[in-house]
Every structure is written in structure tokens, then in C-alpha cells.
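Here is how the chains run, residue by residue.
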Amino acid sequence: MKDVRAQFGKTAAAYVSSATHASGEDLDLLITLAAPRRGDRALDLGCGVGHTLRRIAPLVTFAVGADATLEMMQAGRTSVVSAPNAAFAQSDASALPFADATFDLVTCRLAAHHFHDATSAFGEVARVLRSGGRFVLSDNYAPDDPALDTFINELETLRDASHVRNHTLAGWRALLEAAGLQAGTDNVIPPLTRATLMTTNLTTEAWLERSQTPVDRAAEVRRRLREASPAARDAFHITEATFSVPKMAILATRAPR
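The structure presented is a predicted model; accordingly, all values stated were derived computationally and were not measured. (Residues numbered from 1 in each chain as written. Predicted model: local features only at pLDDT ≥ 70, side-chain atom pairs only at ≥ 80, totals over all residues. Heavy atoms only, no water.)

A. A look at the pattern of salt bridges. With the rule as written, the count across this model stands at 15 salt bridges. For E154, the salt bridge is made with R224, and the minimal N-O distance between the two is 2.7 Å. Pair noted here: E154 is in helix α7 (residues 146-159) and R224 is in helix α10 (residues 215-226), with a separation of 70 residues, a long-range link. Classification of R224 by relative accessible area gives partly exposed; the value is 25%. With its nearest N and O atoms 3.5 Å apart, the salt bridge here joins R173 to E177. (Salt bridge = Lys/Arg side-chain N within 4 Å of Asp/Glu carboxyl O. Helix = DSSP H or I, 4+ residues; strand = E, 2+ residues; numbered from the N terminus. Buried < 20%, exposed > 50% of the residue type's maximum accessible area, 1.4 Å probe, protein only.)

Written out as C-alpha cells, the structure is:
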């Protein structure tokens, strides 16, 4: 929590204008899978400055964004989220300040890889969802190949010390199901058996600048990208100035209580 608040407290303004976070195929897909309804009470977990909250709030009765970092939510309220039925709550993802079965819908986009205890966080999601409620998780994932898994997770941690882990597709799915959230194979985008991947395309220098990566660590990131193995170059589409990371979206439902 201390690392997360320190990291995002100093970089909140950059996330207001970040194209990767403000829009994109993954955000559109999350909204489609979530299927917000007028009567829903919705929670966006790890909301950051509120780009997902901004899209969901006009479609539901009430929406709240929960995040560990106050500065991120303050930036969001000032510049991103204007809906009168939206609120923010500062909270650790593993100890949410909401009663059981409060929400019909929970979303979590590009935040869970920062969770130090994803098991507890997803357990909290299950607790605050009503029976049959929907949870949409959208995040980066690591390839199954252990060397590629290590490559991308070490790169992410060098860039941002608050990074914890991009799990594999099977790893994310196992965490959800252990929490009592049912994620059928057909609900995985892309499916576990499908070769075509949804990706986040990143410009290396903008990616480093947004996180205010220290000079020495940024230099190491550049070196690792420059000297990446052929397998890593292919998996992450590494060029002189850009690379990409695979991303997934999973729709899960709360099992009956």
C-alpha cells in the first residue's frame, strides 16, 4: 500500500491525460462485458482517476470508485468524473468499506497487477457482490512461457516499483475462481485456446515518463528491451521505440451464497 500510494500520488496528473488509460479497445470491451443497467449499483475497484467510472456512471443508478491513492481520486473528481451519481472512496482493495452484497456490478481495469494480495482483493469483490452479480477484470497478463513471464514482470517492476504481478491467463482465472467468482472459459477475451491477442501498444519513453521512473532504472529498462531475446521481441512486438503487452478481459459472476 505504501509503494502504491507513493507511486501514484506523485504521478496522478499524468494518468488524467494518458491515452492508454482514458480510452482504448480494452475499455470499450470492459463496458460491453459489464453491460451496465439503469438499476445497477456499481463499483470500480482500483479506479485511479476514474476513466472507467466516467463511462459507467451515466448508465447505472449509482457508481463508486475505490482506490488506495487519494491524489488519483482528487485528480479524477477535478478533471475526469462529473456525473452527479458518482462518488469516490479511499480504500485498500483487500479491505473494502462496503457491506456484503452491496453491488450488482464490479469492474477492475489495469489495477489488479498492483494488488499485493489479489486473493484477498477478489475475495472482497465476491463479498460485496450480490449473488449473480457481475465482475469484469481487465488487465495485462504474462505468457505461459516462464522466461517470457519473468521478462515482462521484471521489466514492469523496474519501471514501477508498485507493480506486483501480471499473472498468466490461467493464473488470473484461478484467483477468481478461488474467490467464488465463476469465470467460464467462454467469458475469457481472448479465449484460452485462441491465438489472437488483445494488446496494449506502448511507446517506451512515454511509458517511462508517465511513471517517473528513476534514471538508472529507466536505463536498465531500455537495455533489456534493446537486448531482448528473439522470443521476447516476437512476444512483445519490441521495436526501437515501442513494445506491447498482452491484455485480457474476464467476465465472472458471483456464485450463489
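B. Local environment of the environment of R130. With respect to the helices, strands and loops of the structure, R130 is situated in strand β5 (residues 129-140). Judged by relative accessible area, which is 26%, R130 ranks as partly exposed. It is 6.5 Å that separates the C-alpha atoms of R130 and T102, two residues lying 28 residues apart in sequence. Setting aside residues up to four positions removed in sequence, R130 forms contacts with R37, A101, F103, D104, R254 and R257. (Contact = heavy atoms within 4.5 Å.)

C. Quick look at the packing of helix α6 (residues 118-128) against helix α8 (residues 169-178). Interhelical geometry of α6 versus α8 gives an angle of 50° and a closest axis separation of 8 Å. Comparing their axes, α8 and α6 come out oblique. Handedness of the crossing formed by α6 with α8: right-handed. Across the interface between the two elements, A118, T119 and F122 of α6 pack against W172, L175 and L176 of α8. A per-class count over the contact of α6 with α8 returns 5 nonpolar, 1 polar and no charged. (Axes fitted to C-alpha atoms, helices over the stretch in contact; angles between N-to-C directions. Parallel < 35°, antiparallel > 145°, perpendicular 65-115°, else oblique. Left-handed = near helix turned anticlockwise from the far one by under 90°. Nonpolar A, V, L, I, M, F, W, Y, C, P; charged D, E, K, R; others polar.)

D. How the structure looks around the confidence of the model for the protein. Per-residue confidence for the protein gives a mean pLDDT of 88; residues scoring 70 or more make up 86%. Every residue in residues 4-10 scores below 50 in pLDDT, and together they form 21 contacts with partners more than four places removed in sequence or on other chains. (pLDDT = per-residue confidence, 0-100.)

E. Structural view of empty space enclosed by the protein. Considering all chains together, one arrives at 1 cavity of 30 Å³ or more under this definition. Computed from the structure, the largest cavity encloses a volume of approximately 30 Å³. Residue lining of the largest cavity: A42, L43, D44, L53, I56, A63, V64 and T107, and that is the complete set. Those elements that provide at least two residues to the lining of the largest cavity are β1 (41-45), α4 (51-56) and β2 (62-67). The element best represented in the lining of the largest cavity is β1, accounting for 3 residues. Counted by class, the lining of the largest cavity contains 6 nonpolar, 1 polar and 1 charged residues. (1 Å grid on protein atoms, 1.4 Å probe; cavity = no way out; pocket = protein on both sides within 12 Å on 5 of 7 lines; lining within 4 Å. Points joined across faces, edges and corners; volume = space filled by probe spheres on them.)

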